[in-house]
Amino acid sequence: MSEPIRVLVTGAAGQIAYSLLYSISKGDVFGKDQPITLLLLDIPPMLSILDGVVMELQDCALPLLRAIVATGNEEVAFKDLDIAILVGSMPRKEGMERKDLLKANAAIFESQGKALEKYAKKTVKVLVVGNPANTNCLIAMKFASSIPKENFSCLTRLDHNRARSQVAMRCGVPATYVKNVIIWGNHSSTQYPDVHHCLVKMSGNEVACFDAVKDEAWLKGDFITTVQQRGAAVIKSRKLSSAMSAAKAICDHMRDIWFGTPEGEFISMGVYSTGNPYKVPEDLIYSFPVQIKDKTWKIVEGLAVNDFSRAKMEATATELIEERDTAIAFLAK
Ligand SMILES: NC(=O)c1ccc[n+]([C@@H]2O[C@H](COP(=O)([O-])OP(=O)(O)OC[C@H]3O[C@@H](n4cnc5c(N)ncnc54)[C@H](O)[C@@H]3O)[C@@H](O)[C@H]2O)c1
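Residues numbered from 1 in each chain as written. Predicted model: local features only at pLDDT ≥ 70, side-chain atom pairs only at ≥ 80, totals over all residues. Heavy atoms only, no water.

Peer 1: I'd like to hear about the packing of helix 4 (residues 98-119) against helix 12 (residues 307-332), residue by residue, with values.
Peer 2: What describes two packed helices is the angle between their axes and the distance between those same axes. Following both chains from N to C, one finds helix 4 and helix 12 inclined at 65 degrees, their axes separated by 9 Å at the closest point. The way helix 4 lies across helix 12 gives a crossing that is right-handed. Contacts between helix 4 and helix 12 involve Arg98, Lys99, Leu102, Lys103, Ala106, Ala107 and Glu110 from the first element and Glu319, Glu323, Thr326, Ala327, Phe330 and Leu331 from the second. Looking at side-chain class alone, the contact of helix 4 with helix 12 contains 6 nonpolar, 1 polar and 6 charged residues. (Axes fitted to C-alpha atoms, helices over the stretch in contact; angles between N-to-C directions. Helix = DSSP H or I, 4+ residues; strand = E, 2+ residues; numbered from the N terminus. Left-handed = near helix turned anticlockwise from the far one by under 90°. Contact = heavy atoms within 4.5 Å. Nonpolar A, V, L, I, M, F, W, Y, C, P; charged D, E, K, R; others polar.)

As structure tokens, this is what we get:
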């Protein structure tokens, strides 16, 4: 067995972490032969709750889990990291404006970016989950300038999985028979779930999604809004935001970074846009179709983009530019 890798999860006393930590610790992400040291960060008022999570992880008696460090101190949490999964963030409180939420989180991700720069390994892979995930990721990246920009990504895999499942349910096939959906842009309601390049396995053959579903109006209408609004629908019903499905998506995202994407398939993740083939504005963390090999992602090139898609890709970029500029203006003060 190899040396343990050091994996940080922030927001470790929260509800996503409660599902995520078990999956990571039993080998779902880094494989069944990879021992793990878990570093768990939360804010000081949550540390007594975090103690309970640590006890439960110990009580799972998992063979790969070699050590657990629970802390409220960033220096301890970010030391020598191989992997940083940044889940913790300031939630939107009643009456709070979006601008104020952006500011509160910009401050958190400035601090965590600096901690990555100072304490983590330069090879660390950073996944930002806490919302607004794209902009938080951009801020952390900007304050960790000695870590390659390609090592940063944000989670849009939950949206990707939602899109996949909606198509699968419509066609009456398992979700794994649907591949190459794309989430473009922001992890917000402006995201664009695109099925123009999606394939569905029907009776043993791969068929274009539009031919499999045979309902263009649905694919260009309710399908898109259902995926865009799915997070809000879960909150309305559960009175809590998506946690089990978010944890599963984090595992899917990180496992693909670690082991690569399957041949002929692409997945969606938020990555740094610079000189990309789709003319998305630069200096954003924007969700693209990517393939991953040797722990390195590459944006899938050459996919046709029609006017319908172009307008939606631009709308979500416009929102990301506004978020970025608000966060940066606040940090500059
Ligand atoms: N990108 C996505 O697809 C996606 C999906 C679902 C949820 N989310 C986001 O993930 C985040 C966490 O969701 P949750 O349901 O686990 O929330 P939660 O409120 O249950 O847990 C969040 C935890 O983060 C902690 N925290 C706050 N500030 C922190 C800081 N500076 N350092 C470390 N920990 C800190 C809190 O104390 C809390 O324990 C939210 O921002 C949510 O909106 C993103």
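Once you've had a look at it, read on.
Peer 1: Lay out the domain arrangement of the protein chain with the relevant residues and their values.
Peer 2: The domain architecture assigned to the protein chain consists of domain 1 (5-154) and domain 2 (157-321). Computed over C-alpha atoms, the centres of domain 1 and domain 2 are 24 Å apart. If you look at the interface, domain 1 gives 29 residues, while domain 2 gives 32 residues. The closest approach of N and O atoms between Lys142 and Asp283, which form a salt bridge, is 2.9 Å. Our count for the domain 1 to domain 2 interface comes out at 11 residue pairs in polar contact (both at pLDDT 80 or more). Residue assignment for the side of domain 1 that touches domain 2 shows that the elements contributing at least two residues are helix 1 (15-25), strand 4 (83-86), strand 5 (125-128), helix 5 (133-142) and strand 6 (152-154). Sort the elements by how many residues they give to the side of domain 1 that touches domain 2 and helix 5 lands first, with 6 residues. (Domains from an automatic or database assignment. Salt bridge = Lys/Arg side-chain N within 4 Å of Asp/Glu carboxyl O. Polar contact = N/O pair within 3.5 Å; in protein donor to acceptor, adjacent residues only side chain to side chain.)

Peer 1: Give a description of the site of the ligand that names residues and reports values.
Peer 2: In the vicinity of the ligand, 24 residues are found, and the nearest of them are Gln15, Ile16, Asp42, Ser89 and Asn131. Within the contact set of the ligand, an oxygen atom lies 3.0 Å away from a backbone nitrogen or oxygen of Ile16. Starting from 860 Å² of accessible surface for the ligand in isolation, the protein chains cover 83%. Secondary-structure elements contributing two or more residues to the shell around the ligand are helix 1 and helix 4. Summarising the domain contributions, the shell around the ligand has at least three residues from each of domain 1 (5-154) and domain 2 (157-321). (Near = heavy atom within 4 Å. Areas by Shrake-Rupley, 256 points an atom, 1.4 Å probe, with all protein chains shown as cover.)

Peer 1: How would you explain the environment of Arg66 if you had to name every residue and give the values?
Peer 2: Along the chain, the position of Arg66 falls in strand 3 (residues 65-71). Look at Arg66 and you get partly exposed, because its relative accessible area is 47%. Separated by 31 residues in sequence, Arg66 and Pro35 have C-alpha atoms that sit 6.4 Å apart. Once you skip the residues sitting within four places of it in the chain, Arg66 turns out to touch Met1, Pro4, Pro35 and Ile36. (Buried < 20%, exposed > 50% of the residue type's maximum accessible area, 1.4 Å probe, protein only.)

Peer 1: So what's going on with the packing of helix 1 against helix 11 (residues 244-259)? Residues and values would help.
Peer 2: For the pair helix 1 and helix 11, the least separation of the axes is 8 Å and the interaxial angle reads 40 degrees. Compared by their axis directions, helix 1 and helix 11 come out oblique. The way helix 1 lies across helix 11 gives a crossing that is right-handed. Between helix 1 and helix 11, the contacting residues are Ile16, Ser19, Leu20 and Ser23 on the first element and Met244, Ala246, Ala247, Ile250 and Cys251 on the second. Its residues assigned to classes, the contact of helix 1 with helix 11 comprises 7 nonpolar, 2 polar and no charged. (Parallel < 35°, antiparallel > 145°, perpendicular 65-115°, else oblique.)

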